[in-house]
Amino acid sequence: MHILWWVILGVFVGGGRVRAYNVSLSLVPQSVVVTFGETASFNIEASGYVSSRIDLQLYWPQDAAMQIESNQTISFVEGWNNHSISLLIEPVKQGRFIVQPWVEPEGVVDDTRLFLLIKVAMFKPLMIISLMVGWAYTACWSAGYYPQIWLNYRRKSVVGLSFDFLYINIVGHISYVVFNVFLYWNTFVEDEYYQRHPFGLNPVIGNDIGFAVHAVFGTGFTIFQCWIYETGGNSVSKPAKAIIVTYLLIIFATMGCAMWNVMHWLDFLYVLSYIKLSTTMIKYFPQAYMNYRRKSTEGFEIMNRLLDLAGGLFSILQMVINAWNFDDWRSIGGDPVKFGLGIFSILFDLVFMFQHYILYRKRSVKVPAELPMLPK
């Protein structure tokens, strides 16, 4: 059904913005990362017909934030201009800077997205370490689905695994896939995002889509195992069904509002991201409660929680390394929801570890396994 939503959303929000200018100017790349002792380059690219001379003046956000090895005023003469001008910059300050050129005369080009984001790091080795840490937490989170899948296959049973956890989880993952896909590939939605964040870059990269799709696959395959292996009478509880139905109603309602121009498509995608965040907050409770009722963690593979814990710790470590290396602590405080949910997940990982290794170490099931987590 979500595939149908993708098709509908692509039809209604497809297409891009029509440029009403004879010439376009752009800075390529739009984001530059550089460290002290190094120079970085970027290009000023012109494309189209210039009816009169255009002067482009570069302004640094702070005095002496960096040096430029060229005249800061770039001129484009009358006529066809389809060329690129390369400039070198050398940073002298650590931090995050935005360079916004000033074009004269005004109004001859679309300069709403004409800017350069420069991130200056203190030490290059820390950038390499941050990259390695990033791959480490991605690997941990991606591999976390397979220990449970292997355990189910080996036991030919899913007794001890909360169905509520799985079904609530997959709703969040699918919502997150749709959010990433359309914000990354749909130019109309991307333009809406840029209108609200004129100096922002698209927050979605290709790796985000791959990671989200893999999460849907891992959770979906585990649900498939619940259909073919012994369940012990377990099923999705009524509270979980009510939560899922509520999510679907919200999705259909907001999608309808977007189709009838009551709200923006970008806001609809934000609703999907909020659903993903909320599922992360509630999905752990059913499994923790099932372990408590059964007085056992048998059937629930603790290795996936260990990998999740390692991934969460690596993720926070990368945020701290980047904040210190780029002197940009706002990158942590600027997204408190994401940071808070990371901490929330780590706390639940610790709860599961406490249940597995201390509370129910002997794995003696006092409540029959066929009893569901919550009343049906």
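Definitions and cut-offs
- Residues numbered from 1 in each chain as written.
- Predicted model: local features only at pLDDT ≥ 70, side-chain atom pairs only at ≥ 80, totals over all residues.
- Heavy atoms only, no water.
- pLDDT = per-residue confidence, 0-100.
- Contact = heavy atoms within 4.5 Å.
- Axes fitted to C-alpha atoms, helices over the stretch in contact; angles between N-to-C directions.
- Helix = DSSP H or I, 4+ residues; strand = E, 2+ residues; numbered from the N terminus.
- Parallel < 35°, antiparallel > 145°, perpendicular 65-115°, else oblique.
- Left-handed = near helix turned anticlockwise from the far one by under 90°.
- Nonpolar A, V, L, I, M, F, W, Y, C, P; charged D, E, K, R; others polar.
- Core = buried A, V, L, I, M, F, W, Y, C linked by side-chain atoms within 4.5 Å.
- Buried < 20%, exposed > 50% of the residue type's maximum accessible area, 1.4 Å probe, protein only.
- Pairing = 2+ DSSP bridges.

**A look at the confidence of the model for the protein**
For the protein, per-residue confidence averages 83 on the pLDDT scale, and residues scoring 70 or more make up 85% of the total. This model gives residues 1-20 a pLDDT under 50, and the stretch forms 35 contacts once residues within four places in sequence are excluded. Scored below 50 in pLDDT, residues 365-371 makes 15 contacts in the model with residues more than four places away or belonging to other chains.

**Points about the packing of helix α2 (residues 124-143) against helix α10 (residues 302-325)**
Across the interface, α2 lies against α10 with an axial gap of 8 Å and an inter-helix angle of 160°. Classified by the angle between their axes, α2 and α10 sit roughly antiparallel to one another. Considering how the two elements wind past one another, α2 and α10 form a crossing that is left-handed. Grouping the amino acids of the contact of α2 with α10 by side-chain chemistry returns 15 nonpolar, eight polar and one charged.

**Considerations on the nonpolar core**
Counting residues in hydrophobic clusters, the biggest one holds 49 residues, and the most contacted among them are Leu183, Phe268, Leu269 and Phe352. For this core, the elements supplying multiple residues, two or more each, are α4 (163-185), α5 (187-196), α6 (206-228), α7 (238-259), α8 (265-282), α9 (284-294), α10 and α12 (336-359). Here this core gets 13 residues from one element, more than from any other, and that element is α4. Discounting residues that sit within four places of it in the chain, Leu183 has contacts with Val189, Glu190, Tyr193, Asn202, Pro203, Val204, Leu266 and Leu269. One finds Leu58, Ile89, Phe97 and Val109 within the second-largest nonpolar core, a separate group that totals 25 residues.

**As for the sheet that holds strand β4 (residues 54-57)**
The strand order across the open sheet formed by three strands is β6-β4-β9, and the pairing between neighbours is antiparallel. In the strand order of this sheet, the two ends are held by β6 (73-76) and β9 (102-104), each with one partner. Taking the axes of each pair of neighbouring strands and ignoring which way they run, one obtains an average angle of 20° across the sheet.

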